[in-house]
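# Per-entry structural report
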Amino acid sequence: MSSNVINVAIDGPAGAGKSTVSRAAAKELGFIYVDTGALYRAVGVNALRKGIDTKDKPAVAETLSGISVDLVFENGEQKVLLNGEDVSVEIRTPPASMAASDVSAVPEVRAFLFDLQRDIAKRNNCIMDGRDIGTVVLPDAKVKIFLTADPEERAMRRFKELQEKGSTVTYKEVLDDLLVRDYNDSHREIAPLKPAEDSVVINTTGITFEESVNKIIETVKEKM
Ligand code: DC
């Protein structure tokens, strides 16, 4: 990896605030923000559209032939393209979240998305968030952060976000969904969610959004 770009890897469980906190920190630092979960979500949406069982690993692997998934950045905002179509909104529904968690356990899917993530990081100062960025995708990242929070707090944040969007989902459903995804993401055989050995762990339970952003910026500045 070129030494004159700065890559910040931020990993952690669903709902830890990675995306909002990373986006704000990236803006402040003048870096691009790369949300790698969007890539898995796009593959998940593609599988849902094809009507296949997203737990059927060989069937999911087959959906990769002939598809294209891309990230484009417009005014610093990331958009995810599936076969050239902007699916940035469709990937945020609860079924897309569960499909993303399922397809992310398929080795072929991880291999398919690997180069795309590496290429973006090679060319840009970026904050890249995901589950395996510090451990697998960018093991040489200058800064590695593991951002986490208690499950109940993460579920409450997600629940409020969904409510604001007009969703009728209950808190209990959000919490149950999140616990299933936590379990899947940290117990899969390939690239399971876990802190890189050299990561700084930041727990955002009970701290404000601004405090979380500041902690990240401080950590990045210390390591630079
Ligand atoms: O961060 P997110 O909730 O948008 O991620 C959606 C799913 O994709 C999540 O269940 C785990 C998976 N994922 C992954 O396995 N590796 C990444 N680098 C990013 C996301």
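In this report, the structure presented in the accompanying data block is examined. Nothing here was measured: the structure is a model prediction, and the numbers come from that model. (Residues numbered from 1 in each chain as written. Predicted model: local features only at pLDDT ≥ 70, side-chain atom pairs only at ≥ 80, totals over all residues. Heavy atoms only, no water.)

If you look at the biggest cluster of nonpolar residues, it comprises 34 residues, and the most contacted ones within it are Val69, Val80, Val109 and Met128. Residue contributions to this core peak at six residues, all from helix H2 (residues 37-49). Ignoring sequence-local partners within four residues, the contact set of Val80 consists of Ala38, Ala42, Val69, Asp70, Leu71, Glu85, Asp86, Val87, Ser88 and Ile91. By size, the runner-up hydrophobic cluster in this structure holds 18 residues, among which are Ala25, Ala26, Tyr33 and Ile216. (Core = buried A, V, L, I, M, F, W, Y, C linked by side-chain atoms within 4.5 Å. Buried < 20%, exposed > 50% of the residue type's maximum accessible area, 1.4 Å probe, protein only. Helix = DSSP H or I, 4+ residues; strand = E, 2+ residues; numbered from the N terminus. Contact = heavy atoms within 4.5 Å.)

Pairing is antiparallel across the open sheet formed by three strands, whose spatial order is E3-E4-E5. The sheet is open, and its two edges are formed by strand E3 (69-74) and strand E5 (85-86), each paired on a single side. Alignment of strand E4 (residues 77-82) against E5, held across two bridges, turns out to be antiparallel. Looking across to E5, one finds that Leu82 is bridged to Glu85. (Pairing = 2+ DSSP bridges.)

Taken together, 15 residues surround the ligand, and among them Arg41, Arg110, Arg131, Asp132 and Arg188 come closest. Thr36 is positioned with one of its side-chain polar atoms (N or O) 3.0 Å from a nitrogen atom of the ligand. Within the side chain of Asp132, a nitrogen or oxygen atom sits 2.9 Å from a nitrogen atom of the ligand. Here the ligand loses 97% of its free accessible area of 450 Å² to cover by the protein chains. Of all the secondary structure elements, the ones that give two or more residues to the shell around the ligand are H2, helix H4 (94-103) and helix H8 (171-187). Ranked by the residues each element gives to the shell around the ligand, the list is headed by H2, at three residues. When its residues are assigned to classes, the shell around the ligand shows three nonpolar, five polar and seven charged. (Near = heavy atom within 4 Å. Polar contact = N/O pair within 3.5 Å; in protein donor to acceptor, adjacent residues only side chain to side chain. Areas by Shrake-Rupley, 256 points an atom, 1.4 Å probe, with all protein chains shown as cover. Nonpolar A, V, L, I, M, F, W, Y, C, P; charged D, E, K, R; others polar.)

Running from N to C, H2 and helix H5 (residues 107-123) point in directions that differ by 135°, and their axes come no closer than 11 Å. Looking at the two axes, H2 sits oblique to H5. You can see that H2 and H5 cross each other, and the crossing is right-handed. Only Val109, Arg110, Leu113, Leu116 and Gln117 of H5 make contact with H2, whose side of the interface consists of Leu39, Tyr40 and Val43. Partitioned by chemical class, the residues of the contact of H2 with H5 number six nonpolar, one polar and one charged. (Axes fitted to C-alpha atoms, helices over the stretch in contact; angles between N-to-C directions. Parallel < 35°, antiparallel > 145°, perpendicular 65-115°, else oblique. Left-handed = near helix turned anticlockwise from the far one by under 90°.)

The quantities given are spatial measurements derived from coordinates; they are silent on function.
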